[in-house]
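Residues per chain, in single letters:
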Amino acid sequence: MIALLDYGAGNVGSVLKAVRYLGYDAEIVDSREPLAHATGLIFPGQGHFAAMMQGLSDRRLLDPVRDFIKAGRPFLGICLGLQALYESSEEAPGVSGLGLLQGRVARFQGVFKVPHVGWSQLEISRAGRVLEKVKDKRFVYFCHSYYGPVTPESAAVTDYGQQFASVVETNNVWAVQFHPEKSGQAGLTVLRNFLALSTVLASSPSSVMA
């Protein structure tokens, strides 16, 4: 079973439909107990960084999510779910993220329009399992005002005035700034890759995030 994390916001319903369309069993979860039976965890984030972290805290999900990842189990963050992996965000000074990636999420500056809404290109910077069969320069759909910094864990970047991490991959952790459920065949390919990886890794987790 694929667990879709519900912290009180986020585009959970449309991601659930996409996962089921691809033929996988999935459930929306808002407590720690169902995570014990999940083969993979998808975190579709949306809204304000502080509200997201508070929602996770209120539901006592912060440690279970960290534990899920550190146990080597497959995790996919979407949009704000990617930003949650960093240490902090300019959107919410003083509020800590999950701290699984180094760096601080920043707001777009000096660009024509914020938020960044619409189709932009992926520039694949290194081979990644979640990007298998996704061609370089493919267009995907974004909707965000803040972005994660480019780090060694970035598998693809996108340029919107500043380069930002549009795909992150490290061990059992994957995350995308774009919305795969709204990104046509490229987005469905990313989801399908993650779901297939979840099946493999759930049976024999071998790559554990440090």
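The structure we're discussing is the one just above.
This text gives an overview of the structure that appears in the document. (Residues numbered from 1 in each chain as written. Predicted model: local features only at pLDDT ≥ 70, side-chain atom pairs only at ≥ 80, totals over all residues. Heavy atoms only, no water.)

**A short note on helix α3 (residues 62-70)**
So, step 1. Every buried residue belonging to α3 is among Leu62, Pro64, Val65, Phe68 and Ile69, and all of these are buried.
So, step 2. Where α3 is buried, its residues contact β1 (2-5), β3 (40-45), α2 (49-58), β4 (75-79) and β13 (173-176).
So, step 3. Count one or two residues on from α3 and you reach Gly72, which has phi positive near 85 degrees. (Buried < 20%, exposed > 50% of the residue type's maximum accessible area, 1.4 Å probe, protein only. Helix = DSSP H or I, 4+ residues; strand = E, 2+ residues; numbered from the N terminus. Contact = heavy atoms within 4.5 Å.)

**Quick word on the pattern of salt bridges**
So, step 1. This structure, assessed with the given rule, holds 2 salt bridges.
So, step 2. Ionic pairing is found between Arg66 and Asp63, a salt bridge with its closest N-O pair at 3.4 Å. Separated by 3 residues within a single helix, Arg66 and Asp63 lie in helix α3, roughly one turn from each other.
So, step 3. Ionic pairing is found between Arg129 and Glu169, a salt bridge with its closest N-O pair at 3.7 Å. Taken together, the residues span a long stretch of sequence, with Arg129 in the loop between β8 (123-124) and β9 (139-144) and Glu169 in strand β12 (residues 162-170) at a distance of 40 residues.
So, step 4. Residue classification places Arg129 among the partly exposed residues on the basis of a relative accessible area of 34%.
So, step 5. What makes Glu169 buried here is its relative accessible area of 9%. (Salt bridge = Lys/Arg side-chain N within 4 Å of Asp/Glu carboxyl O.)

**As for the layout of surface pockets**
So, step 1. Counted as a void, the largest pocket has a volume near 250 Å³.
So, step 2. Lining the largest pocket are 14 residues, with Gly47, Cys79, Cys143, His144 and Ser145 positioned closest to its centre.
So, step 3. At the level of secondary structure, the elements contributing two or more residues to the lining of the largest pocket comprise α4 (80-83) and β9.
So, step 4. Examining the composition of the lining of the largest pocket, we find that 3 residues originate from one element, β9, more than from any other.
So, step 5. A breakdown of the residues in the lining of the largest pocket according to their chemical character gives 6 nonpolar, 6 polar and 2 charged. (1 Å grid on protein atoms, 1.4 Å probe; cavity = no way out; pocket = protein on both sides within 12 Å on 5 of 7 lines; lining within 4 Å. Points joined across faces, edges and corners; volume = space filled by probe spheres on them. Nonpolar A, V, L, I, M, F, W, Y, C, P; charged D, E, K, R; others polar.)

**A closer look at the environment of Lys182**
So, step 1. Structurally, Lys182 can be placed in the loop between β13 and α5 (184-203).
So, step 2. On the accessibility criterion, Lys182 (41% relative accessible area) is partly exposed.
So, step 3. Each C-alpha atom of the pair Lys182 and Ala18 lies 9.2 Å from the other, and the pair is 164 residues apart in sequence.

**Points about the sheet that holds strand β6 (residues 104-107)**
So, step 1. Spatially, the 3 strands line up as an open sheet ordered β5-β6-β10, and their pairing is mixed. Two strands in the sheet have a free side with no partner beyond their single neighbour: β5 (88-89) and β10 (146-147). (Pairing = 2+ DSSP bridges.)

**Here we look at unusual backbone geometry**
So, step 1. Backbone torsion omega between Val114 and Pro115 reads 10 degrees, so that peptide bond is classified as cis.
So, step 2. Phi angles above zero are rare outside glycine, and Cys79 is one such case at about 55 degrees.
So, step 3. Along the chain, Cys79 turns up in strand β4.
So, step 4. In this structure, Lys133 is a non-glycine residue whose phi angle is positive, near 70 degrees.

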